[in-house]
Amino acid sequence: MKALILAGGKGARLKEKTKKVPKPMLKIGKLPMLAHQVELLKEYGIKDIVLLMGYLSEVIEKYFKNGQDFGVKIAYFKEKSPLGTTGGLKEIEDSLKKDFLLLYGDTVLDLDIARLIKFHKKKKSASTLVLHPNDHPQDSDLVEIDKNQRITAFHSKPHPENKYFRNLANAGLYVLSPKILKYIKKGQKADLGKDIFPKIIKKEKLYGYTTAEYLKDVGTSARLNEVNKDWRSGKVKSFNR
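For the structure given in this document, a descriptive report is provided here. (Residues numbered from 1 in each chain as written. Predicted model: local features only at pLDDT ≥ 70, side-chain atom pairs only at ≥ 80, totals over all residues. Heavy atoms only, no water.)

What follows covers the overall build of the protein. A tally of helices and strands in the protein yields 7 helices and 13 strands. For the protein, whose C-alpha radius of gyration is 17 Å, the value lies close to the compact-globule estimate of 18 Å for 241 residues. Counting only C-alpha atoms, the protein reaches 45 × 40 × 35 Å along its principal axes. Burial analysis of the protein (241 residues in total) assigns 52% to the buried set. On the protein, the mean spot of the 48 positive side-chain charges and the mean spot of the 28 negative ones are 2 Å from each other. (Helix = DSSP H or I, 4+ residues; strand = E, 2+ residues; numbered from the N terminus. Rg over C-alpha atoms; globule rule 2.2 N^0.38 Å. Buried < 20%, exposed > 50% of the residue type's maximum accessible area, 1.4 Å probe, protein only. Lys, Arg positive; Asp, Glu negative; His and termini not counted. Charge placed at Lys NZ, Arg CZ, Asp CG, Glu CD.)

Right under this line is the structure:
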């Protein structure tokens, strides 16, 4: 299975930290976040990786080159202008003939990818979203599922006042069928979780893979510090059941 990593964000909320280094290249422990992701993918036999890049892409390409030194094969797609989570996918649509993984480059994770893929195949899912409870549901895109784990509703942030939803957040890790690409318009900036998935839940079978394994985005300095603390303590790996 091929893995695509969205690594084009500027990381504006991280201010000085991302002036010369793109957000996915900030270090967790001794390695950049992207390097941890590549190592995890390789651990599960996923060695065909595409990095969708934008801001300071040359830093990423200089570090990874063709991936040979990391035991994988890495290709690159550079966005001329920000295209959200979907635009880059549409641009490389011709190379996506089979189901593929999609990750955000600013997340630190350690989970059983083989089990995730097995779930996706068993459900014959068009899109499988990794879902988890987190410590900031008020600031997260939340999802509802039925007893069979099929997704029935999306609740994007910000949420209405005095209305409460289950703490089941979209973690930003997907297994996608190529059929999803037909719902994306070329050259149009859009987000899968906000713009695409909510419109197609009655047309396609979308499933939620619920897990308590470690997956956290590093969008702020506070979260970067927290994840580094979790990494040093061994918490990140301990959550992988």
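What follows deals with the packing of aromatic side chains. Enumeration over the complete set of coordinates arrives at 7 aromatic pairs. Pairing Y63 with F70 gives two aromatic rings, centres 5.6 Å apart and planes at 35°, and the pair type is tilted. One aromatic cluster in this structure is built from Y104, F154, Y174 and F197. (Phe/Tyr/Trp six-rings, centres within 6.5 Å; stacked < 30°, edge-to-face > 60°.)

The next subject is the pairing of strand β11 (residues 169–176). Most of β11 sits inside the fold, with 8 of its 8 residues counted as buried. When strand β6 (residues 100–104) meets β11, the two strands line up antiparallel, connected through 4 bridges. Across the sheet, the residue bridging to L102 is Y174, located in β11. As paired elements, strand β8 (residues 127–132) and β11 share 5 bridges and run antiparallel to each other. Across the sheet, the residue bridging to L129 is Y174, located in β11. (Pairing = 2+ DSSP bridges.)

Next up on the list: the environment of S95. Here S95 lies in the loop between α3 (87–91) and β6. Between the C-alpha atoms of S95 and E39, which are 56 residues apart in sequence, the distance is 23 Å. Separated by 2.8 Å, the side chain of S95 and the backbone oxygen of I92 make a polar contact. (Polar contact = N/O pair within 3.5 Å; in protein donor to acceptor, adjacent residues only side chain to side chain.)

We now examine the pairing of strand β4 (residues 48–53). Here β4 lies mainly inside the structure; 5 of its 6 residues are buried. With 6 bridges joining them, strand β1 (residues 2–7) and β4 adopt parallel strand pairing. Bridge assignment links L6 to a residue of β4, and that residue is L52. The handedness of the β4 to strand β5 (residues 73–78) crossover, carried by helix α2 (residues 57–64), is right-handed. (Right-handed = clockwise from strand over helix to strand, strands pointing away.)

On to helix α4 (residues 113–123). Those residues of α4 that fall on the buried side of the exposure criterion are I113, L116, I117, F119 and H120. The buried residues of α4 all sit within an arc of 155° when viewed along its axis, so they share a single face. Residues of α4 that are exposed and point over 90 degrees away from its buried face: K118, K121 and K122. At its buried positions, α4 is contacted by α1 (33–43), β6, β8, β11 and β12 (206–210). Where α4 begins, one side-chain oxygen reaches toward the backbone nitrogen of A114, 3.2 Å away; that side chain belongs to D112. Among the residues trailing α4, K124 stands out with phi positive, at a value near 55°. (Arc of directions from axis to C-beta. Contact = heavy atoms within 4.5 Å.)

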